[in-house]
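Below are the chains, spelled out letter by letter.
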Amino acid sequence: MTTTAEAAAAAAHLTKLGLVEGAVVQELGYDDDVDLDLRDRLMEHIGSDLVDEDHGDVVDAVLFWHRDGDGDLVDAVVDGLTDLDDQGFIVLMTPRAGRDGHVEPAEIAEAATTAGLHVSGALTDSSDWTGTRLVPPRAKKK
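Here is what the cut-offs are and how they apply
Here the residue numbering is sequential within each chain, running from 1 through the sequence in written order. A pLDDT threshold of at least 70 governs which residues receive local features in this predicted model, and a stricter bar of 80 or more applies before side-chain atom pairs are shown or counted, although totals over entire chains, interfaces and linings include all residues. Hydrogens are left out, water is left out, and the side-chain values use all remaining heavy atoms of the structure. Going along the chain from the N terminus, every DSSP run of H or I of four or more residues is numbered as a helix, and every run of E of two or more is numbered as a strand. Note on definitions: a residue-residue contact is assigned when non-hydrogen atoms from the two residues lie within 4.5 Å. Like charges within 9 Å and nonpolar side chains (Val, Leu, Ile, Met, Phe, Trp, Tyr) within 5 Å are joined into patches, using only residues over 30% in relative accessible area that form no salt bridge. Every accessible area reported is derived by Shrake-Rupley at a probe size of 1.4 Å, with residue values counting cover from the shown protein chains alone. Each salt bridge in this description consists of a side-chain nitrogen of Lys or Arg and a carboxyl oxygen of Asp or Glu lying within 4 Å of one another. We count Lys and Arg on the positive side and Asp and Glu on the negative side, and we leave His and both chain ends out. Lys charges are placed at NZ, Arg charges at CZ, Asp charges at CG and Glu charges at CD. Summary of the burial criterion: residues with accessible area below 20% of their type's maximum are buried, those above 50% are exposed, and those between are partly exposed, where the area comes from a 1.4 Å probe applied to protein chains only. Strands are labelled as partners when DSSP assigns at least two bridges between them. A crossover gets the label right-handed when its path from the first strand over the helix to the second runs clockwise, viewed with the strands pointing away from the viewer. The convention used is that axes are lines fitted to C-alpha atoms, helices contributing only their stretch in contact, and that angles between N-to-C directions extend from 0 to 180 degrees. Angular relationships are summarised with four words: roughly parallel below 35 degrees, roughly antiparallel beyond 145, roughly perpendicular across 65 to 115, and oblique for the angles in between. In this count, Pro and Cys sit with the nonpolar residues alongside Ala, Val, Leu, Ile, Met, Phe, Trp and Tyr, while Asp, Glu, Lys and Arg are called charged and the others, Gly among them, polar.

Asks: Residues and numbers for the side chain of Arg133, please.
Replies: Among the structural elements, Arg133 can be located in strand β5 (residues 129-135). With residues up to four places along the chain from it excluded, the contact list for Arg133 reads Leu17, Phe89, Ile90, Val91, His118, Val119, Ser120 and Gly121.

Asks: Account for a negative patch on the surface, naming residues and giving values.
Replies: Together, Asp68, Asp72, Asp75, Asp79, Glu104, Glu107 and Glu110 make up a negatively charged patch on the protein surface. For the negative patch, the elements supplying multiple residues, two or more each, are α3 (73-80) and α4 (105-114). Relative to the helices and strands, Glu110 resides in helix α4. Overall, the relative accessible area of 55% leaves Glu110 in the exposed class.

Asks: Could you give me a rundown of the pairing of strand β1 (residues 25-28), with the residues and numbers involved?
Replies: When a strand is regular, its side chains alternate between the sheet's two faces. Residues Val25 and Glu27 line one face of β1 and the alternating positions Gln26 and Leu28 line the opposite face, and both faces are buried. The sheet contact formed by β1 and strand β2 (residues 59-65) spans 4 bridges and is parallel. Note that in β2 the partner of Leu28 across the bridge is Phe64. At this point the chain moves from β1, through helix α2 (residues 36-46), to the parallel β2, and the crossover so formed is left-handed.

Asks: Just give me the short version of the packing of helix α1 (residues 4-17) against α2, but keep the residues and values in it.
Replies: For any two helices packed against each other, the geometry is given by the interaxial angle and the distance between the axes. Their axes nearest at 11 Å, the elements α1 and α2 cross at an angle of 70°. Here α2 runs roughly perpendicular to α1, going by the angle between their axes. Across from Ala11, Leu14 and Thr15 in α1, the residues of α2 making contact are Arg41, Leu42 and His45. Residues belonging to the contact of α1 with α2 are distributed by class as follows: 3 nonpolar, 2 polar and 1 charged.

Asks: So what's going on with the pattern of salt bridges? Which residues, and what values?
Replies: Applying the stated criterion across every chain, the model contains 4 salt bridges. With a closest N to O distance of 2.8 Å, Arg67 and Asp33 form a salt bridge. On the criterion of sequence distance, the pair formed by Arg67 in the loop between β2 and α3 and Asp33 in the loop between β1 and α2 is long-range, its members being 34 residues apart. Residue class for Asp33 comes out partly exposed when judged on its relative accessible area of 34%. Two residues, Asp70 and Arg67, come together in a salt bridge whose shortest N-O distance is 2.8 Å. When its relative accessible area of 42% is taken as the criterion, Asp70 is described as partly exposed. Residue class for Arg67 comes out buried when judged on its relative accessible area of 10%. Ionic contacts of the salt-bridge type, sharing partners, join the residues Asp33, Arg67 and Asp70 into one network.

In C-alpha cells, the structure reads:
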C-alpha cells in the first residue's frame, strides 16, 4: 500500500519531468510486460487515459515502451516524434539492467542524438523499467 507521502513524492517526480494534469500522453510499444502500476499512476496524475498511435492529433508527451529486440531504436524514437508537440518530449521506457530486453544507456543517448533529441531526466518509479526523458534542443535566444 502506498502512503500519502510516497504518492506525493511520485506525483512531484512526474510533474518535474513535465507530466502535468491535463497533458495528452500517447503510449507506444504497449505489451503485456509493461508496468501497469506506473501506467495507472500516470493516468491518475494527468487526469485522463493515455492515447494510442491512432490518436491523430498533437500530444504533449509520448510514453514509449521499448525492449532490445523490438527493432531499431533510432527508428522507434523518430516514430515517437510523429504526433509530438514542438515543446513535447518522449519518455523512453526500457527494462532495467539485468532484465530481459535491457537497452544500454549509450544506445539510448546515441539514438536520441541521431533523432535530434537529447537526454534530460529520468523516470525511476518502476522496479522493472527505467524511463529516459528525451527532449528537443532548446531554441537559441535571439
